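Examining the three-dimensional arrangement
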Amino acid sequence: MVGDDRGPAGFSKEVWALFTLPDFPWDRLAPYKERALAHADGIVDLSVGTPVDPTPEPIRQALAAASDAPGYPQTYGTPELREAVAGWLRRRAGVTGADPDAVLPVIGTKELVAWLPTLLGAGPGDKVVFPALAYPTYDVGARLAGADPVATDGLLSLGPVAPKIVWVNSPSNPTGKVLPAEHLRKVVAWARGRGAVVVSDECYLEFGWDERNPPISILHPDVCEGSHEGLLALNSLSKRSNMAGYRAGFVTGDLALVRRLLEVRKHAGMIVPAPVQAAMTVAYGDDAHVDEQRARYARRRAALREAFERHGFRIEHSEASLYLWATRDEPCWDTVAHLASLGVLVGPGEFYGPGGARHVRIAFTATDARVAAATTRL
Ligand SMILES: Cc1ncc(COP(=O)(O)O)c(C=O)c1O
């Protein structure tokens, strides 16, 4: 029998939450994409942060060399992969206590962002907090767990209620803002005082552009004071190593939490394929390709920044990440429409929260030729 406490077709309300997800927002951009596509010299698509430069050759070779994979891979990841990640954490993120045992590979971090509240056991009545302007999947993850999504930058506004999970994302998508160590330290202290887990999405950690305010990991001793208790950090190879098509990232931090995630992920079959694990090992073992990619993005960023400012835009934050957060002090859809008429597609700020209603997000993940086309048109 289906009572009031059940959703349609007798599913539980928590399961029914799966069906009340927001509309996939990118569909709303489709008419503007069509307009931009109609430009005589074609579209310049700056709306999504999908890398366009080749995956570095040694990474592709590692994938190919591991393509004979008849057996099941390890959910935990190979010891070589976990060691390579721990080395990267020490070298590039200054995480002195990096422990390979606390590294867990994931099938791209979007997957982890969407399922983390569920995997950690958050459910109805639990609060999952994330930034007011944020990557939409934090909200989706709270909803998939049947928990309450709370978009806020002011933890104090939550009052005495202890959330289950607090997401931080520095450098931020969409604004490119970097949270300094003091800010992150306060978040950690606040959450520890309430038994909340802080999860730090650090996908853009190696894309800082302002030496005065460099991105810092939540696991850096200046933030966590040497203890990873109650903390998780995640990193992705999608942007760092042009590997978005491989689906590869990891989560690390509090060993007890990572073990819990491993346990559930083993049961659920959330396993990174063996050839991808081999490619990840090479990617995290090398920084030269990242520095080359950084140089490409730095050039594109400078060119786009200059062109958009000249065109009357004000750029805010944007000290890191792969985006410019820009405004002409008008509703974001007017800006999207204006730029689409020039054949340039950007992301409406509204996709990231109501506070983005008068901004657009400009990705600099486009080839040099397309960036040059955009700057000429502007
Ligand atoms: C802040 C943030 N987190 C996570 C992701 C997901 O990245 P991936 O699933 O490719 O690792 C993205 C992708 O754009 C992102 O911007």
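These numbers were taken from a predicted model, which means no experiment stands behind them.

Our next topic: the UniProt feature "domain: Aminotransferase class I/classII large" (unreviewed entry) in the protein. According to UniProt, the feature "domain: Aminotransferase class I/classII large" (unreviewed entry) maps to residues 43-377 in the numbering used here. A distance of 11 Å separates the end C-alpha atoms of residues 43-377, which is 40% helix and 15% strand.

Moving on, we get to the nonpolar core. Residues Leu-89, Ile-218, Met-243, Met-280 and Tyr-284 are the most contacted members of the largest nonpolar core, which totals 45 residues. For this core, the element with the most residues is helix α4 (residues 79-93), which contributes seven residues. One finds Ala-307, Ile-315, Leu-345 and Val-360 within the second-largest nonpolar core, a separate group that totals 42 residues.

A few words now on the site of the ligand. Neighbouring residues of the ligand: 14 residues in total, closest Thr-109, Asp-201, Tyr-204, Ser-238 and Arg-247. At 2.7 Å from an oxygen atom of the ligand is found a side-chain nitrogen or oxygen belonging to Thr-109. Between the ligand and Ser-238 there is a distance of 2.5 Å, counted from an oxygen atom to a side-chain nitrogen or oxygen. In isolation the ligand exposes 390 Å². Once the protein is present, 92% of that is buried. The cavity where the ligand resides is the largest pocket. Of all the secondary structure elements, the ones that give two or more residues to the shell around the ligand are α5 (109-119) and α9 (237-240). For the shell around the ligand, the per-class residue count stands at four nonpolar, six polar and four charged.

Let us now look at the domain arrangement of the protein. Structurally, the protein comprises domain 1 (19-48 + 289-377) and domain 2 (57-285). Just the C-alpha atoms count here: the centres of domain 1 and domain 2 sit 26 Å apart. Across the contact, 28 residues belong to domain 1 and 32 residues belong to domain 2. For the pair domain 1 and domain 2, the two sides together bury roughly 2400 Å², of which 61% comes from carbon and sulfur. For the domain 1 face of the interface with domain 2, the top three residues by lost area are Arg-294, Glu-319 and Tyr-352, together amounting to 25%. Applying the counting rule to domain 1 against domain 2 returns one salt bridge. Here Asp-291 and Arg-92 are joined by a salt bridge, their closest N and O atoms 3.1 Å apart. Counting across the interface, domain 1 meets domain 2 through 16 residue pairs in polar contact (both at pLDDT 80 or more).

The rules behind the values
- Residues numbered from 1 in each chain as written.
- Predicted model: local features only at pLDDT ≥ 70, side-chain atom pairs only at ≥ 80, totals over all residues.
- Heavy atoms only, no water.
- UniProt positions renumbered as here; feature names shortened; annotations may be inferred.
- Helix = DSSP H or I, 4+ residues; strand = E, 2+ residues; numbered from the N terminus.
- Core = buried A, V, L, I, M, F, W, Y, C linked by side-chain atoms within 4.5 Å.
- Buried < 20%, exposed > 50% of the residue type's maximum accessible area, 1.4 Å probe, protein only.
- Near = heavy atom within 4 Å.
- Polar contact = N/O pair within 3.5 Å; in protein donor to acceptor, adjacent residues only side chain to side chain.
- Areas by Shrake-Rupley, 256 points an atom, 1.4 Å probe, with all protein chains shown as cover.
- 1 Å grid on protein atoms, 1.4 Å probe; cavity = no way out; pocket = protein on both sides within 12 Å on 5 of 7 lines; lining within 4 Å.
- Sits in = over half its atoms within 2 Å of the grid points.
- Nonpolar A, V, L, I, M, F, W, Y, C, P; charged D, E, K, R; others polar.
- Domains from an automatic or database assignment.
- Contact = heavy atoms within 4.5 Å.
- Buried area = accessible area lost by both parts, 1.4 Å probe.
- Salt bridge = Lys/Arg side-chain N within 4 Å of Asp/Glu carboxyl O.

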